[in-house]
Structure formats: C-alpha cells, structure tokens
Amino acid sequence: MSSHDYWLVALAIGLGAALVVAALLLILVRTVTSIEKSVDGLLVVATKVAGNTANIPKLGATAPVLSLIVTEAVVQDGYMNALTDGYGDA
C-alpha cells in the first residue's frame, strides 16, 4: 500500500466516524426536543395543581369550627321540629 492509499483509508474512517457522530447528535437533538415538550406540559399541569392545592393549609382552621357548626345544626333541627310538630295531623 502506498501513502496515498493510507490517506484514503484514514479519510474513509474519518468520514465514517463523522457520520456516526452526526447521527448520534441528531438522535440527541430529537430526544432533547421531546423532553422539552414533556417538561412544558408538566409545567402547565404543575401550575394548575399548585393553584388547586394553595388553600389546603387553610383547612386546618375548619376543625375548631366544626363543633360550632354541629351545635348550630342541632339548634336549627330543633327549630324545624318545633315548626313541623303536629303538621299533617288531621
């Protein structure tokens, strides 16, 4: 083999390596694009979830009031019973 042939083999190997690198870069760019689309969708959903869950800490304030609500409900039930006692007796 002459030095010219060695150069051709080296150029062919270099071209093959460059094509492999280009193919891998193309796959990488497509994968990154897909990930970006997924992340954009997740950001939209995460914003909605954050909006829906923002008031959860306020629920802690409802527990102390529940006994007052139950007490008032019993009072109101008593009023309704007093109004309807004897209703329908003919």
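Whatever comes next refers back to the structure up there.
Rules used throughout
- Residues numbered from 1 in each chain as written.
- Predicted model: local features only at pLDDT ≥ 70, side-chain atom pairs only at ≥ 80, totals over all residues.
- Heavy atoms only, no water.
- Helix = DSSP H or I, 4+ residues; strand = E, 2+ residues; numbered from the N terminus.
- Rg over C-alpha atoms; globule rule 2.2 N^0.38 Å.
- Buried < 20%, exposed > 50% of the residue type's maximum accessible area, 1.4 Å probe, protein only.
- Patch = residues over 30% accessible without salt bridge, like charges linked within 9 Å, V, L, I, M, F, W, Y side chains within 5 Å.
- Areas by Shrake-Rupley, 256 points an atom, 1.4 Å probe, with all protein chains shown as cover.
- Salt bridge = Lys/Arg side-chain N within 4 Å of Asp/Glu carboxyl O.

Caption draft 1: Examining the overall build of the protein more closely. Scanning the protein for helices and strands turns up 2 helices and 0 strands. Over its C-alpha atoms the protein spans a radius of gyration of 38 Å, topping by over 25% the 12 Å that the globule rule assigns to 90 residues. Once the C-alpha set of the protein is aligned to its principal axes, its extents read approximately 120 × 35 × 15 Å. The buried share among the 90 residues of the protein stands at 0%.

Caption draft 2: Up close: a nonpolar patch on the surface. On the surface, a cluster of nonpolar side chains totalling about 470 Å² of accessible area is made up of Met-1, Tyr-6, Val-9 and Ile-13. Along the chain, the position of Ile-13 falls in helix α1 (residues 3–53).

Caption draft 3: Representation of the environment of Ala-18 in the model. Position of Ala-18 relative to the elements: it lies in helix α1. On the basis of relative accessible area, Ala-18 is assigned to the partly exposed category, the value being 43%. Sequence separation of Ala-18 and Ile-35 is 17 residues, and the distance between their C-alpha atoms is 25 Å.

Caption draft 4: The environment of Glu-72, seen in detail. Along the polypeptide, Glu-72 turns up in helix α2 (residues 63–84). Taking the C-alpha atoms as reference, Glu-72 lies 29 Å from Ala-54; in sequence the two are 18 residues apart.

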